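If you want the building blocks of each chain, they are given just below.
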Amino acid sequence: MRVSVIGCGYLGAVHAAAMASIGHDVIGIDVDRRKIDALSAGQAPFFEPGLEQILTDGVESGRLSFTTDIAAAEGAAVHFIGVGTPQQQSGYAADLSYVNAAFENLLPHLREGDIVAGKSTVPVGTAATLAPKVAATGATLVWNPEFLREGWAVQDTVDPDRLVAGVPDGPDGERAAEILRNVYHPAVAKGTPFIVTDYATAELVKVSANAFLATKISFINAMAEIAEVTGADVTLLADAIGYDVRIGRRFLGAGIGFGGGCLPKDIRAFAARAEELGRRESVSFLREVDAINLRRRDRAVELVVDGLGGSVYGKKIAVLGAAFKPHSDDVRDSPALDVAVRLNGLGADIVVTDPQAIDNARRLHPQLTYVADRDETLRDADAVLLVTEWDEYRREMHPEHVNTLTHGRVVVDGRNGLDAAAWRAAGWTYYGMGRP
């Protein structure tokens, strides 16, 4: 099947390459010429495990191509819209200008029977507003939310844990759902749940999933706050309650909280939309979820200051991590960088390392010092701060080795990813998040 993908940022580039990898003929379209040139050469403009390979394979096979010309979408049976919905600069609501522009530019090129599949994360009610414009061309709008995890996005696209299609009532909706099943035929054939809903439910699936995950993370971080004043160990607490199958252990890792381009802006936009709908109280708890998350960054700074005797001025701090999570080079709303910047503002000599995110971090915060080599970052440091749980730091960095590099023996584990007993046995003063 021939498909188009409008918007070739993180979501769109992965989706285009993944669709080509399962046999579709795909045209990716974006207004950014540099991005299109890189993708056309088989080069991923960001780090995502597995993407470069399927991107190269798709381009070389001829099944995948990229352009800045929206007219190239003509002739595709399905058009995916995967542009960004950032937070508005003037408030918490989602900025839909990119979505609206993508639809307006695509409309003249739609044909009778085409399917337009929205994948962007949008406020509930957006699809209902756009559907009549699409229907006027003879095409049908479906809403097909994405559930990508950065670091596992290729797998999540090719082999998703569920597929959701919000469609209109009647024969057009039934036909659209069937075409979307064909698009995702390998996953459907192996039994992946394919859930057909109305527009509003499809839109809510994505934002409610993100709201739940954010709430779970902030819940365990709230428990970390209690643990810190009672002497409890939040890691053991999470283990204990995680055995309850109704709760589960995943996303119960206390630390400096969540970041990235999805969870923070999505829960804020959800709260803003609920207020517009007259249901502010229904998701008012998300304001506190956001507040708890931001407080944990404050706590990480406090632990470093306390560990260095009340002042970090003139002290070298080795910051391990810049990306908001491992297996990514994404530094959008990164807790790791936020903590580093705050310590820099207190007069510390901050040296940051990360396996993938240094270039992006430097563009965002050029005032910090960046070193690619982990051991060079650690050399002569007065304190070590772990803020992104890459395996290079969690599993492959041994305290005895670090002893030979650093000046001080203070380690702040902002992700509770280190073996506290091993570091203490090696002579380190260990500080965890919500751990005694």
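Residues numbered from 1 in each chain as written. Predicted model: local features only at pLDDT ≥ 70, side-chain atom pairs only at ≥ 80, totals over all residues. Heavy atoms only, no water.

Caption draft 1: A look at the overall build of the protein. Counting its secondary structure elements, the protein contains 18 helices and 14 strands. For 436 residues, the compact-globule estimate of 2.2 N^0.38 gives 22 Å, and the C-alpha radius of gyration of the protein, at 23 Å, lies within 12% of that figure. Taking the principal axes of its C-alpha atoms as reference, the protein extends roughly 70 × 50 × 45 Å. The averaged location of the 58 negative side-chain charges in the protein is 3 Å from the averaged location of its 43 positive side-chain charges. (Helix = DSSP H or I, 4+ residues; strand = E, 2+ residues; numbered from the N terminus. Rg over C-alpha atoms; globule rule 2.2 N^0.38 Å. Lys, Arg positive; Asp, Glu negative; His and termini not counted. Charge placed at Lys NZ, Arg CZ, Asp CG, Glu CD.)

Caption draft 2: The arrangement of helix α1 (residues 10-21) in detail. Between its first and last C-alpha atoms α1 spans 17 Å; for twelve residues at 1.5 Å apiece the expected length is 16 Å, and the two agree. The element α1 is extensively covered by neighbouring structure, given that eleven of its twelve residues are classed as buried. Those residues of α1 lying buried are Y10, L11, G12, A13, V14, H15, A16, A17, A18, M19 and A20. In the stretch just after α1, G23 is the one whose phi turns positive, near 110°. (Expected span 1.5 Å × (residues − 1). Buried < 20%, exposed > 50% of the residue type's maximum accessible area, 1.4 Å probe, protein only.)

Caption draft 3: Seen up close, the pairing of strand β14 (residues 429-432). Alternating positions in β14 separate cleanly, Y430 and G432 being buried on one face and T429 and Y431 remaining unburied on the opposite face. Strand direction decides the pairing type here: strand β13 (residues 410-413) and β14, joined by four bridges, are parallel. Opposite V412, over in β14, you have Y431 as the bridge partner. Crossover connection from β13 via helix α18 (residues 420-425) to parallel β14: handedness right-handed. (Pairing = 2+ DSSP bridges. Right-handed = clockwise from strand over helix to strand, strands pointing away.)

Caption draft 4: Spotlight on the pattern of salt bridges. Taken as a whole and assessed by the stated rule, the structure comprises 34 salt bridges. For R299, the salt bridge is made with E302, and the minimal N-O distance between the two is 3.2 Å. Of this pair, R299 and E302 are both found in helix α12 (residues 285-307), three residues apart, which corresponds to roughly one turn of the helix. Given the relative accessible area of 40%, E302 is considered partly exposed. (Salt bridge = Lys/Arg side-chain N within 4 Å of Asp/Glu carboxyl O.)

Caption draft 5: Representation of the packing of aromatic side chains in the model. Per the counting criterion, the structure on display carries four aromatic pairs. Taking the centre distance of 5.1 Å and the plane angle of 45° together, the rings of Y10 and F46 count as tilted. With Y10 in helix α1 and F46 in the loop between α2 (33-40) and α3 (51-61), the pair connects residues that are 36 residues apart, well separated along the chain. Assessed through its relative accessible area of 15%, F46 is described here as buried. Geometrically, the ring pair formed by F103 and W143 is stacked, given 6.4 Å between the ring centres and 10° between the ring planes. (Phe/Tyr/Trp six-rings, centres within 6.5 Å; stacked < 30°, edge-to-face > 60°.)

Caption draft 6: Representation of empty space enclosed by the protein within the structure. Within this structure, the stated rule accounts for two cavities of 30 Å³ or more. The space that makes up the largest cavity amounts to roughly 90 Å³. The wall of the largest cavity is formed by 13 residues, among which V122, P123, V207, A269 and F270 lie closest to the centre. When contributions to the lining of the largest cavity are tallied by element, the ones reaching two or more residues are α9 (199-230) and α11 (263-276). With five residues, α11 is the single largest residue contributor to the lining of the largest cavity. One number sums up the size of the second largest cavity: a volume of about 30 Å³. (1 Å grid on protein atoms, 1.4 Å probe; cavity = no way out; pocket = protein on both sides within 12 Å on 5 of 7 lines; lining within 4 Å. Points joined across faces, edges and corners; volume = space filled by probe spheres on them.)

Caption draft 7: Geometry of the layout of surface pockets. Taken as a whole, the second largest pocket holds about 210 Å³ of empty space. Forming the boundary of the second largest pocket are 16 residues, of which L96, P123, T126, R273 and E276 lie nearest the centre. Of all elements in the fold, only α5 (126-135) and α11 reach the threshold of two or more residues within the lining of the second largest pocket. Here the lining of the second largest pocket is built from residues that sort into eight nonpolar, five polar and three charged. (Nonpolar A, V, L, I, M, F, W, Y, C, P; charged D, E, K, R; others polar.)

Caption draft 8: A look at the nonpolar core. Judged by nonpolar contacts, the single largest core of 42 residues is most densely connected at V26, L51, L64, F66, V78 and F80. Of the residues forming this core, the biggest block, nine residues, is contributed by α1. Beyond its immediate sequence surroundings of up to four residues, L64 is in contact with A16, A17, A20, V26, L55, G58 and V59. Counting 32 residues, the second largest nonpolar core, distinct from the first, contains V319, A322, A361 and M433. (Core = buried A, V, L, I, M, F, W, Y, C linked by side-chain atoms within 4.5 Å. Contact = heavy atoms within 4.5 Å.)

Caption draft 9: The sheet that holds β14, seen in detail. Spatially, six strands are ordered β11-β10-β9-β12-β13-β14 in an open sheet, and the strand pairing comes out parallel. Each of the sheet's edge strands pairs with one partner strand only, and the pair in question is β11 (369-370) and β14. Those strands touched by helix α13 (residues 335-345) are β9 (316-320), β10 (349-353), β11 and β12 (383-386), and its axis lies near 160° from that of β10. (Axes fitted to C-alpha atoms, helices over the stretch in contact; angles between N-to-C directions.)

Caption draft 10: Local environment of the environment of A383. Structurally, the position occupied by A383 is in strand β12. For A383, a relative accessible area of 1% gives the class buried. The spatial distance from the C-alpha of A383 to the C-alpha of L106 is 53 Å, given a sequence separation of 277 residues. Residues in contact with A383, not counting those within four places in the same chain, are L308, K316, I317, A318 and V410.

Caption draft 11: Representation of unusual backbone geometry in the model. Unusually for a residue other than glycine, D333 sits at a positive phi of about 45°. Examined against the element boundaries, D333 turns out to sit in the loop between β9 and α13. Residue classification places D333 among the partly exposed residues on the basis of a relative accessible area of 29%. Here the phi dihedral of N416 falls at roughly 50°; this positive angle occurs in a residue that is not glycine. Considering the arrangement of structural elements, one finds N416 in the loop between β13 and α18. The class of N416 is buried, set by a relative accessible area of 15%.

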